[in-house]
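# What the coordinates show
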Amino acid sequence: LFEEYVTKKKMENNKLYETILKNPELNFRQADMLVVLNKNGKPITFREVQERYHVVYQTARTDLLGLVNVGYLQSIKRGKKFLFTLDMEKCMSEHK
């Protein structure tokens, strides 16, 4: 059971890296966000992107919404906050 889980996670990681490598329009931050979201499994906010990458709000917004536009992230509004989650199915289906 554990070995199946590890195998599945490795396959997901490999597919995600393939997706990143085959999309040169993604900048470093966007590629890293996909990896971090896959690893942590929890949503990310504009503020967290600003702090993690030392960028202004507009840059964080542009990067995240760019990933939403290509379908790699989903946006959820909670109160005044926007949360962004990884759409792993989309990332994995890009390069079957």
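Let me begin by describing the structure that accompanies this report. Source: prediction; values computed, not measured. (Residues numbered from 1 in each chain as written. Predicted model: local features only at pLDDT ≥ 70, side-chain atom pairs only at ≥ 80, totals over all residues. Heavy atoms only, no water.)

Inspection of every chain in the model, using the stated rule, returns 3 aromatic pairs. Ring centres of F46 and Y57 lie 5.2 Å apart, and the angle between their planes is 65°; on these two criteria the pair is classed as edge-to-face. One end of the pair, F46, is in helix 3 (residues 46-53); the other, Y57, is in helix 4 (residues 57-69), with 11 residues separating them in the sequence. For F46, a relative accessible area of 11% translates into the label buried. (Phe/Tyr/Trp six-rings, centres within 6.5 Å; stacked < 30°, edge-to-face > 60°. Helix = DSSP H or I, 4+ residues; strand = E, 2+ residues; numbered from the N terminus. Buried < 20%, exposed > 50% of the residue type's maximum accessible area, 1.4 Å probe, protein only.)

What follows concerns the environment of L65. Tracing the backbone through its elements, the reader meets L65 in helix 4. Separated by 23 residues in sequence, L65 and M88 have C-alpha atoms that sit 16 Å apart.

For side chains bearing opposite charge, pairing can occur when the charged atoms are close. Under the definition given, this model contains 2 salt bridges. R29 is the salt-bridge partner of D63, the closest N and O atoms lying 2.5 Å from each other. Linking D63 in helix 4 with R29 in helix 2 (residues 28-40), this pair joins segments that are 34 residues apart in sequence. When its relative accessible area of 3% is taken as the criterion, D63 is described as buried. For D32, the salt bridge is made with R52, and the minimal N-O distance between the two is 3.5 Å. Here R52 lies in helix 3 and D32 lies in helix 2, a separation of 20 residues in the sequence. Assessed through its relative accessible area of 45%, R52 is described here as partly exposed. (Salt bridge = Lys/Arg side-chain N within 4 Å of Asp/Glu carboxyl O.)

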